Amino acid sequence: MAAELPTVFLCDDVPEVRALLRFGLEETGELRVIGEADEPVSGVEQAAELQPDAVILDLSMPLMDGLTALPKFRKVAPRAKIVIFSGFLEDSQHTQAGDGEGADAYMSKDAPLDRLRSRILELLEGETGETG
Amino acid sequence: MIRAERYDRRLRSARLAVIAAAAVTAAVAGVALVGWVLDAPALYEFGSSDSSTKVNTALCLLLTAVSLILLAQGDPAPRLRQGLAWATVAIGALTIAQYLFDIDLGIDELLFDDPGLSASPDGRPSEQTAVAFVLLGLSLALSTYPRAQAVRDFSTLIVGIAGGVALAGHLSDFSETEQVRQMAPVTAAGLMLLGSACAMLPRRHGLSGIVWRDDSGGRLLRLLLPLTILLPLSGALFLGITSTNGMVDGTGLLATLVVVTTIFVLLLARLADDLHHRDTERTRLITELDRGKIQLTEQAEELSRLNEDLGRSNRDLEQFASVASHDLREPLLVIEGFSNLLERRYGDQFDEQGGRFIENIGLGVDRMQKMIDGLLEFSRMGNKTLDLSRTPVADLVQEARDQLSETIRRSEAVIEVGELPEVECEPTTIAIVFQNLIANAIKYTDGRIPEIRIGAEERAGSWLIEVADNGVGIDPKFATSAFDIFRRLHPASVSGAGIGLSTCRRIIERHGGEIWVDPGPDGGSVFRFTLPKEPTVTEPAGAVEPS
């Protein structure tokens, strides 16, 4: 049963944020976090191997920022929905830039975890709907 | 430097010319004297037997020439120079006395016997020559007295010009110049040389002080002086030559000409001196102006440096506020997220106290969240240019009321709005000011129903707008610090971040206005702020346009 759950990969440099996301997203038993990275380089490597259904990507990270990392994730995991999870509502510049770079969704860190979870599920269902 | 050198060289040349003129005169006078000693008329008549150079004339020429040479060489023996000059004056004066009183003091042929072919009494210099020597002698005797400068200039010029005229009379065939011709040609030439040399000897004051100067006055005088003297005289002589029928009184005309020309020269000198003073004043002003300019430039540089510092520090502060608020938010979200998870998943396992703990975490997080929001808003107030437009203040109050509609409804606050003007302002931020002030008025009450009065008053160059409430009021000693960032004047049980008023101040100050708080007449507080009618937009120092 658990094996059929949609999988999520987390990429954020703050461990507490990853922990919170892991608990928050898995809370309802609809999603499974299959891996996490604290910076994009190893994140891209892992995502290539794990082929998650969704990637949650922070924008401000050391070594490489999220926007630079985004196309690399796309390349190694073309099936994955990529959700930028970063900044705050005021950062409209980021929103636009994130959209422009082809993220599937942009979620502010202000947003409640429930909303993030349902947005991911929505994206994945849309995928199934299109293909199925 | 080059100017000064040129000036020095000119002075040296002038002094040399003076010495040369005096030396030539002295030599000729010496020859004449030798002629008298050796009884050789050829040496003192110089080809003109009807007006020979008299003994005393030759003597006076020699005395004054030596006196002038001494003076021109830096006056090494003032007593000798004065002695020679006074001797000349004495001879001249006695000669005049002989003419005036028709007496013979025996000075004319004291040394030598004059064979006597000339018009004047035997061996006696003419009246004009005598007067010339008195004037010349006086000038040389009094040469170092600055107060005698006008007399000196006048006398020497008269002598020089008169000598010139007499010489010209001899050279031309002017029938009316018998009087003039009484002066021997050699005497006339000598007087012309000595008079003009004495007048032009470089001095600190008077005509010769001006004529050699290296300024526009000096240049003007050097250019016009020869013309001023030569033009009228040559004109008159020409006139004299062409009217040989005696219609023109040559002597009177020439005497008048000499005096008028002299006066004219002196007036010209005065003009040149005036020009010199103007030049000096102008140079002084230009120097001062230059100094002022340099000072101004330095001050401007200092100001721009300070402004740069201020701009940098402003940008740093804004960046700090912005970064701090972002970075503070993330851990706060983690705390909030986990405390929510904790409550949701384990809430039923907590006892009553555990539930309160969780609740307190939530309250702390809320307060922190508000502070961060306020900080972010505060930092954003300073980093963009004001977007001014003419707006009715009543609209802005209404916007604030709309924003606060729920709070107002719940508190049952009564808001009274008086007549409000239209002002030039940035509507969005001034609305925030009203929003903060109204929210404060509602927040800080003694449990009474809030009553808020908003009004305006016209002042000289600005509008005074006030928001009065019936709240707890602000202790006057905190009236200023109430606007400081994170300054809270009320217990934390009243929710507030301590940023609202500092944001208000920042907004009003950026509009060029002021904000303060006064105690209300019946308790409560009155917040007052001014908005200039024509705001001079104070840009945030060193602001950078958003890219």
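Here the structure is shown first, and the text comes after it.
Cut-off values and rules
- Residues numbered from 1 in each chain as written.
- Chains lettered and ligands numbered in written order.
- Predicted model: local features only at pLDDT ≥ 70, side-chain atom pairs only at ≥ 80, totals over all residues.
- Heavy atoms only, no water.
- Helix = DSSP H or I, 4+ residues; strand = E, 2+ residues; numbered from the N terminus.
- Buried < 20%, exposed > 50% of the residue type's maximum accessible area, 1.4 Å probe, protein only.
- Contact = heavy atoms within 4.5 Å.
- Axes fitted to C-alpha atoms, helices over the stretch in contact; angles between N-to-C directions.
- Parallel < 35°, antiparallel > 145°, perpendicular 65-115°, else oblique.
- Left-handed = near helix turned anticlockwise from the far one by under 90°.
- Nonpolar A, V, L, I, M, F, W, Y, C, P; charged D, E, K, R; others polar.
- Pairing = 2+ DSSP bridges.
- Phe/Tyr/Trp six-rings, centres within 6.5 Å; stacked < 30°, edge-to-face > 60°.
- Core = buried A, V, L, I, M, F, W, Y, C linked by side-chain atoms within 4.5 Å.
- Arc of directions from axis to C-beta.
- Polar contact = N/O pair within 3.5 Å; in protein donor to acceptor, adjacent residues only side chain to side chain.
- 1 Å grid on protein atoms, 1.4 Å probe; cavity = no way out; pocket = protein on both sides within 12 Å on 5 of 7 lines; lining within 4 Å.
- Points joined across faces, edges and corners; volume = space filled by probe spheres on them.
- Salt bridge = Lys/Arg side-chain N within 4 Å of Asp/Glu carboxyl O.
- Buried area = accessible area lost by both parts, 1.4 Å probe.

> Any details on the overall build of chain B? Residues and values, ideally.
Each helix and strand in chain B was counted, giving 16 helices and seven strands. In chain B, which comprises 547 residues, the proportion classed as buried is 44%. Restricting the contact set of chain B to residue pairs at least 6 apart, pairs at least 24 apart contribute 71%.

> So what's going on with the packing of helix H6 (residues 149-171) of chain B against helix H8 (residues 185-200) of chain B? Residues and values would help.
Residue and element names in this part refer to chain B. Contact geometry for H6 and H8: axes closest at 7 Å, N-to-C directions at 150°. By the criterion of interaxial angle, the relationship of H6 to H8 is roughly antiparallel. For the pair H6 and H8, the sense of crossing is left-handed. Mapping the contact onto sequence places Thr156, Leu157, Val159, Gly160, Gly163, Gly164, Ala166, Leu167 and His170 in H6 and Pro185, Ala188, Ala189, Leu191, Met192, Gly195, Ser196, Cys198 and Ala199 in H8. Per-class residue counts for the contact of H6 with H8 are 11 nonpolar, seven polar and no charged.

> Any details on the sheet that holds strand E4 (residues 81-85) of chain A? Residues and values, ideally.
Residue and element names in this part refer to chain A. Strand order in this open sheet of five strands is E2-E1-E3-E4-E5, and the pairing throughout is parallel. In this open sheet, the two edge strands, each paired with only one partner strand, are strand E2 (32-37) and strand E5 (105-107). Strand-to-strand, the axes of this sheet are offset by a mean angle of 20°, without reference to chain direction. The pairing of strand E1 (residues 7-11) with strand E3 (residues 54-57) spans four bridges and is parallel. When the sheet's bridge partners are listed, Phe9 is paired in E3 with Val55. Relative to the sheet, helix H2 (residues 40-50) contacts E1 and E2, its axis offset from that of E2 by approximately 145°.

> So, the environment of B:Val397: which residues are in play, and what are the values?
Residue and element names in this part refer to chain B. Among the structural elements, Val397 can be located in helix H13 (residues 393-403). Between the alpha carbons of Val397 and Ala431 there is a distance of 6.5 Å; along the sequence they are 34 residues apart. Apart from the residues lying within four places of it in its own chain, the contact partners of Val397 are Val417, Leu420, Phe434 and Ile454.

> Which residues make up the packing of aromatic side chains, and what are the values?
Residues and elements named next belong to chain B. As enumerated under the stated definition, the model contains three aromatic pairs over all chains in all. On the numbers, 5.7 Å between centres and 65° between planes, the contact of Phe434 with Phe529 is edge-to-face. One end of the pair, Phe434, is in helix H15 (residues 427-443); the other, Phe529, is in strand E7 (residues 525-532), and 95 residues separate them in sequence. For Phe434, a relative accessible area of 0% translates into the label buried. Judged by centre distance (6.1 Å) and plane angle (80°), the rings of Phe483 and Phe527 are edge-to-face. In this pair, Phe483 is assigned in the loop between strand E5 (462-469) and helix H16 (500-510) and Phe527 in strand E7, connecting sequence segments 44 residues apart. The class for Phe527 is buried, based on a relative accessible area of 4%.

> Explain the nonpolar core to me, and be specific about the residues and the numbers.
Residue and element names in this part refer to chain B. Core analysis: the biggest nonpolar cluster contains 40 residues, and Ile430, Phe434, Leu437, Ile438, Ile452, Ile454 and Phe529 have the highest contact counts within it. Of all elements in the fold, only H13, strand E3 (422-425), H15, strand E4 (451-458), E5, H16, strand E6 (515-519) and E7 reach the threshold of two or more residues within this core. Element by element, the count of residues in this core is highest for H15, at 10 residues. Aside from chain neighbours lying at most four places away, what touches Leu437 is Val467, Leu501, Cys504, Phe527 and Phe529. Counting 32 residues, the second-largest nonpolar core is a separate cluster that includes Leu68, Leu71, Leu167 and Ala188.

> Could you give an account of H2(A), with specific residues and numbers?
All names here are of chain A. The complete set of buried residues in H2 reads Pro40, Gly43, Val44 and Ala47. For H2, the angular spread of the buried residues around the axis is 100°, confining them to a single face. Away from the buried face of H2 by more than 90 degrees, exposed residues Glu45 and Glu49 are located. Contacts from the buried residues of H2 go to E1, E2 and helix H3 (66-76). For H2, the N-terminal cap is Glu39; the gap from its side-chain oxygen to the backbone nitrogen of Val41 is 2.9 Å. Looking one or two residues past H2, Gln51 carries a phi angle of roughly 45°, positive in sign.

> Just give me the short version of the sheet that holds E6(B), but keep the residues and values in it.
All names here are of chain B. Reading across from one edge, E2-E4-E5-E7-E6 is the order of the five strands in this open sheet, with mixed pairing throughout. Every interior strand has two partners, whereas the edge strands, strand E2 (414-417) and E6, have only one. Along the sheet, successive strands turn relative to each other by an average axial angle of 20°, direction set aside. Pairing analysis gives seven bridges linking E5 to E7, with the strands arranged antiparallel.

> Break down unusual backbone geometry for me, with residues and values.
Although it is not a glycine, A:Gln51 adopts a positive phi angle of roughly 45°. Mapped onto the elements, A:Gln51 comes out in the loop between H2 and E3. Notably, B:Asp75 is not glycine yet its phi reads approximately 55°, a positive angle. Looking at the element boundaries, B:Asp75 is found in the loop between helix H3 (55-72) and helix H4 (78-101).

> Let's hear about empty space enclosed by the protein: which residues, and what values?
Residue and element names in this part refer to chain B. For the coordinates displayed, the defined rule picks out two cavities of 30 Å³ or more. Approximately 60 Å³ is the volume found for the largest cavity. Forming the walls of the largest cavity are 10 residues, and the residues nearest its centre are Met381, Leu386, Glu426, Thr429 and Arg510. Residue assignment for the lining of the largest cavity shows that the elements contributing at least two residues are helix H12 (352-381) and H16. It is H16 that provides the largest number of residues to the lining of the largest cavity, a total of three residues. Partitioned by chemical class, the residues of the lining of the largest cavity number three nonpolar, two polar and five charged. Quantified by volume, the second largest cavity comes out at close to 30 Å³.

> Just give me the short version of the pattern of salt bridges, but keep the residues and values in it.
Scanning all chains against the criterion turns up 31 salt bridges over all chains. The network of salt bridges with shared partners includes B:Glu302, B:Arg305, B:Glu308, B:Asp309 and B:Arg312.

> Which residues make up the environment of B:Ser462, and what are the values?
Residues and elements named next belong to chain B. Here Ser462 lies in strand E5. For Ser462, a relative accessible area of 16% puts it in the buried group. Sequence spacing of Ser462 and Gly513 is 51 residues, and the spatial spacing of their C-alpha atoms is 8.3 Å. Not counting chain neighbours up to four residues away, the residues in contact with Ser462 comprise Glu457, Thr530, Leu531, Pro532 and Lys533.

> Report on the interface of chain A and chain B, specifying residues and quantitative values.
Each side of the interface is counted separately: chain A has 14 residues, and chain B has 12 residues. In total, about 1,300 Å² of surface goes out of reach between chain A and chain B, with carbon and sulfur atoms giving 60% of it. Counting across the interface, chain A meets chain B through three salt bridges. The salt bridge involving B:Arg344 is made with A:Glu27; its shortest N-O contact spans 3.2 Å. For the interface between chain A and chain B, the tally reads two residue pairs in polar contact (both at pLDDT 80 or more). Here the residues of the side of chain A that touches chain B sort into six nonpolar, one polar and seven charged.

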